[in-house]
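Survey of secondary and tertiary structure
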Amino acid sequence: MTDTITPRSLDELRDAVIDRPGTIRIAGAGTAHDWAGTPEPADTVLDTTGLSGIVTHNPGDMTVEVWAGTPFGALQTDLGEHHQRVAVDPARAAEGATLGGLFATADAGPRSLQYGSLRDLVIGATIVLADGTVARSGGHVIKNVAGYDLTKLLHGAQGTLGVLARLVLRLHPTPQVTATVAASCERSAMAGLARRVADSPVEPTAVEWHAGRLLSLLEGSESGAEARARRLAEILGSDAAVLAPDDATQAWEAHAAAVRARSDDRAVFRFGVTPSELPRVLDALESATGVTASPRTGVATVALPADADVVATAHRRVAEAGGTSTLRQRPAGAALPAFGPAPASATVLRAVAASLDPDQRFGRGRLAPWLPLPDQTGQPTGVSA
Amino acid sequence: MPERTMEAPHGGTGNDAPGAATPPVAVGPELARAFRDVLPADLVITDEVGRRSYECDGLTGFRQIPALVVLPRDADEVAACVRVCARHGVPFVARGAGTGLSGGAMPVADGVVISLQKLRRILEIDVENRRAVLEPGVYNLEISKAAAPYGLYYAPDPSSQQVCTIGGNVAENSGGAHCLKYGFTTNHVLEMEVVLADGSVVTLGGPTGEQAGPDLRGLFIGSEGTLGICTKVTVRLLQTPETVRTVLADFPSIEAAGDTVGDIVDAAIIPAAVEMMDSLSMEASEAATGAGLTVDAPAALIIELDGPADEVEAEFSHLTAICERHGATRMHVPAEAEERQKVWKGRKAAFAAVGRISPDYIVQDGVVPRTRLAEVLTRIAEMGRDAGLRVANVFHAGDGNLHPLVLYSEAAGEHDAAEKLSTDIAELCVELGGSLSGEHGIGTDKACSMPRMFSSDDLAVMHRVRHAFDPDDRCNPGKVFPTPRLCGERPGPYRPHPLEEAGVIERL
Ligand SMILES: Cc1cc2nc3c(=O)[nH]c(=O)nc-3n(C[C@H](O)[C@H](O)[C@H](O)COP(=O)(O)OP(=O)(O)OC[C@H]3O[C@@H](n4cnc5c(N)ncnc54)[C@H](O)[C@@H]3O)c2cc1C
């Protein structure tokens with residue numbers, strides 16, 4: 001029997017963790033419920049959406065503290081009133097994903113070329129551990145090297161290790177203008193063309209290949225961004241043009257829709273390799289469809305047949321190229337490998353998990369097999385701290 | 001070490017100081033032999049003169065002669081050395097160039113210093129993928145020099161960049177003047193090879209920002225050598241911006257300069273750098289460098305914009321208009337790169353130059369939310385007046401990172417008062433919603449102030465994580481976290497609340 005609990009304050013959150021015995025699955029808006037490892041059935045589902053809203057926003061300091069269950073889209077809308085934003089653009093935001101959910105799944109969008117992912121923008125956090133300990137790390141200032149950057153551990157932890165209660169983020173000004181240059185281009189030509197974009201002085205915020213076009217996003221001041229877009233279109237030649245605003249919106253929406261697509265018989269596979277390896281790895285994933293790729297960061301999202309061998313082979317191919325991969329949305333009930341071969345650092349992961357959540361109460365199965373399930377005897381796995 | 005003229009003792013309070021030189025117990029010849037099994041004999045330093053040159057980092061008041069110093073030449077030898085330590089149950093301290101300003105690389109008694117000075121190869125400048133693969137002992141500035149022929153550079157630029165190592169930068173999560181726009185070391189390191197306390201070798205991070213599993217890379221960066229030794233680093237390289245425009249603007253008051261910074265932020269301009277200097281620091285720097293600073297101006301800003309020409313030109317005229325609106329009394333716009341370097345020299349040489357106007361000084365490092373800059377500076381001025389000491393201010397105004405320089409005379413017996421004032425300033429930063437350190441780290445220097453910023457639970461959780469990496473406290477023990485040995489001996493404000501202390505100390 002799974003019971004759902006929706007705490008509405010830090011105290012309620014801590015009490016929920018202490019009072020409920022057994023295993024807990026942390027859930028935000030559920031937009032990535034089927035990403036990474038398949039969760040084991042849990043005694044309690046901890047719904048974070050009751051922890052919502054801005055705690056403090058200091059526009060002059062360009063920082064904001066936010067409850068982790070806040071829908072990311074709503075946060076951006078609020079910040080937008082002050083001409084500020086969190087400079088990440090994961091596709092799932094449009095489906096109502098929470099800030100904490102995006103953070104825990106290390107999700108990021110095209111703008112990561114310039115701004116990195118949420119791990120680069122978070123400057124502090126309040127977390128609750130499995131034993132009820134409430135811990136803070138970082139703070140409210142963008143520059144801060146006091147103590148360990150514990151917050152980073154929760155980035156990509158997929159709902160293991162601890163519950164994010166609040167996050168403090170660094171903000172950026174909303175650009176006055178965004179402009180998009182589209183160049184038609186076969187997939188096989190994207191690396192070369194993207195290199196020309198990168199070597200030009202226009203400093204794009206994002207460069208993505210999707211559906212036969214290379215899209216470059218320019219953001220900045222009113223006069224600056226448009227001038228840069230025109231300049232880039234000129235550099236790229238006759239196949240490139242500055243898109244009209246509506247066409248640009250449509251192009252990026254189509255890109256995001258491909259990233260978050262769900263289908264009955266395909267699973268979404270996300271990976272990152274060095275940019276020079278990207279074309280080779282993509283070519284090797286013969287059955288891939290719905291490709292979006294960032295030829296300058298080396299990150300791509302593709303749909304593969306929901307077949308365990310196909311997915312395992314894809315993980316292996318990425319690992320051979322020195323990269324990392326995670327399986328994302330998949331048909332319900334499909335038993336597919338979430339990760340590639342475990343890296344040597346999995347020993348560290350296990351030791352850290354054993355120190356923070358020795359009984360694996362949170363998110364059991366989400367990082368399996370890198371973080372194996374506790375064994376039959378109920379003993380926690382991993383090294384004891 | 002041209003910029004390192006920190007002859008001023010800082011931190012030591014005579015014989016009872018935690019770092020006071022206690023002669024180490026003679027190391028059994030066994031340990032030295034074990035190291036000679038994995039390294040040539042001349043790379044195992046056992047003589048006292050040799051060991052003494054590793055007794056402190058840039059914070060020279062804290063000293064401890066190590067039992068042994070080893071100089072491995074590659075990652076395998078580092079791992080072999082760490083395994084020797086593990087086998088003999090001996091603690092070790094990784095050491096880059098020793099320019100740290102928080103006593104992070106200070107040896108531990110009866111411990112080994114593992115110097116990374118011989119791991120100095122740039123393994124790869126990968127132009128296509130815009131990254132560099134480095135051994136940890138590579139100097140920060142060497143990376144940009146090696147990348148320059150390809151129009152690329154490495155963004156984080158600590159003032160000590162000619163003489164500090166990338167391994168030290170990783171351990172400290174170092175920043176620099178240009179980090180407001182470009183971020184800190186953590187934002188530029190993709191992947192690292194790390195030797196753990198048991199001598200095993202792991203890779204943290206990956207070739208892209210894409211992550212499978214928790215960000216162990218991000219946890220390691222800034223952990224001050226307490227989680228392992230970094231033996232290889234892959235960093236991102238950025239394209240050299242098309243245009244750079246710099247203005248040196250004088251202001252009639254610190255407040256006017258501070259308000260200017262606020263308006264720049266409000267105008268959605270993110271400068272590459274915004275540095276502020278007060279008249280005392282300008283006086284010192286000008287005497288040392290002749291960089292063209294106005295010594296009788298109460299405050300000056302050095303503001304730099306970089307990026308595509310179309311963007312920078314528009315923003316630059318906006319920027320100078322903002323300076324004018326706040327009553328800038330002079331604006332100097334260097335026309336060429338050389339002139340710009342001169343202005344920057346005036347800023348970067350400020351610490352060392354203070355030696356010209358004061359026999360001794362302490363460099364402090366604290367952070368406040370940017371909107372509280374004027375307030376903190378007023379409070380610092382008051383505290384200085386009360387203590388009867390002068391404080392010069394040089395800082396990264398864009399991100400609220402202060403470097404107050406507390407001037408004093410050891411000969412006149414002002415050391416303890418200066419020490420107290422400096423600590424009070426760091427703790428004031430915490431009180432105002434900021435941090436004990438923006439870039440120099442906690443090390444030995446500020447471990448006892450950590451309870452001002454973090455609860456005993458916060459610190460206990462950090463400790464749990466530390467023990468997951470290093471269950472026996474062998475990596476740089478005694479740093480970052482308050483220990484009874486260190487803090488029990490400290491008088492006054494360092495002492496954490498006894499209850500808090502109890503919670504933390506149990507776990508040490
Ligand atoms: C004049 C001056 C100006 C400075 N300006 C700045 C500035 O602008 N910004 C800034 O951030 N800092 C600044 N610093 C501080 C210092 O230069 C930095 O902290 C630098 O990163 C230290 O590098 P290092 O090689 O000297 O490290 P060290 O001092 O040798 O070591 C620092 C810490 O890192 C650990 N360590 C070193 N190498 C490794 C490794 N390979 N693996 C694991 N741990 C390791 C050590 O154990 C120690 O805890 C300045 C210092 C001086 C003297």
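Everything quoted here is computed from the prediction, not taken from an experiment.

1. Thoughts on the pairing of strand β18 (residues 324–327) of chain A
Residue and element names in this part refer to chain A. Neither face of β18 is open: one carries T324 and T326, the other S325 and L327, and all of them are buried. Strand direction decides the pairing type here: strand β15 (residues 266–272) and β18, joined by four bridges, are antiparallel. Within β18, the residue paired with R270 across the bridge is T326.

2. A short note on the site of the ligand
All names here are of chain B. Of all residues adjacent to the ligand, which total 35 residues, the nearest are A94, G98, T99, S160 and T165. Interatomic distance of 2.6 Å between a side-chain N/O atom of S160 and an oxygen atom of the ligand. Within the contact set of the ligand, an oxygen atom lies 2.8 Å away from a side-chain nitrogen or oxygen of S174. Protein coverage of the free-state accessible area of the ligand, which is 980 Å², stands at 99%. At five residues, the largest contribution of residues to the shell around the ligand is made by helix α5 (residues 166–172). Mapping the shell around the ligand onto the domain boundaries places at least three of its residues in each of domain 1 (4–16 + 24–115) and domain 2 (122–239).

3. Some details on the pattern of salt bridges
Under the counting rule described, the total for this entry stands at 45 salt bridges over all chains. The shortest N-O distance in the salt bridge between R63 of chain B and E55 of chain B comes to 2.8 Å. The structure contains a network of salt bridges with shared partners spanning R195, D199 and R296 of chain A together with E128 and R130 of chain B.

4. Topic: the state of the cysteines
Disulfide: a covalent bond connecting the sulfur atoms of a pair of cysteines. Residue and element names in this part refer to chain B. For the coordinates displayed, the defined rule picks out one disulfide over all chains. The residue that forms a disulfide with C448 is C487, at a sulfur-sulfur distance of 2.1 Å. Around the S-S axis, the bridge from C448 to C487 shows a dihedral of about -95 degrees and counts as left-handed. One end of the pair, C448, is in the loop between α14 (415–431) and α15 (450–453); the other, C487, is in helix α17 (residues 484–487), and 39 residues separate them in sequence. For the pair shown, C448 and C487 are each scored as buried. Its sulfur unpaired, C85 is 7.1 Å from the next cysteine sulfur, which belongs to C81. Overall, C85 belongs to the buried group, its relative accessible area being 0%.

5. Some details on the sheet that holds strand β3 (residues 92–95) of chain B
All names here are of chain B. Taken together, four strands build an open sheet; the order of strands is β1-β2-β4-β3 and the sheet is mixed. Since the sheet does not close on itself, it has two edges, and those belong to β1 (44–45) and β3, each with one partner. Pairing of β3 with strand β4 (residues 112–115), which is carried by four bridges, proceeds in the parallel orientation. Following the sheet pairing, R95 is matched in β4 by S115. The sheet strands contacting helix α1 (residues 29–38) are β1, β2 (68–70) and β4, and the helix crosses β2 at an angle near 5 degrees.

6. Here we look at the domain arrangement of chain B
Domain annotation of chain B identifies domain 1 (4–16 + 24–115), domain 2 (122–239), domain 3 (241–349) and domain 4 (358–441). Centre-to-centre separation of domain 1 of chain B and domain 3 of chain B, based on C-alpha positions: 42 Å.

7. With respect to unusual backbone geometry
Residue and element names in this part refer to chain A. In this structure, P369 follows A368 across a cis peptide bond, with omega equal to 5 degrees. For P369, the location among the structural elements is in the segment after α12 (346–356). Phi is positive for Q158, close to 55 degrees, though the residue is something other than glycine. Note on Q158: relative accessible area 5%, which makes it buried. Its identity is not glycine, yet E203 carries a phi of approximately 50 degrees, on the positive side. Secondary-structure assignment places E203 in the loop between α7 (190–199) and β12 (206–210).

Definitions and limits used
Residues numbered from 1 in each chain as written. Chains lettered and ligands numbered in written order. Predicted model: local features only at pLDDT ≥ 70, side-chain atom pairs only at ≥ 80, totals over all residues. Heavy atoms only, no water. Buried < 20%, exposed > 50% of the residue type's maximum accessible area, 1.4 Å probe, protein only. Helix = DSSP H or I, 4+ residues; strand = E, 2+ residues; numbered from the N terminus. Pairing = 2+ DSSP bridges. Near = heavy atom within 4 Å. Polar contact = N/O pair within 3.5 Å; in protein donor to acceptor, adjacent residues only side chain to side chain. Areas by Shrake-Rupley, 256 points an atom, 1.4 Å probe, with all protein chains shown as cover. Domains from an automatic or database assignment. Salt bridge = Lys/Arg side-chain N within 4 Å of Asp/Glu carboxyl O. Disulfide = S-S within 2.5 Å. Contact = heavy atoms within 4.5 Å. Axes fitted to C-alpha atoms, helices over the stretch in contact; angles between N-to-C directions.

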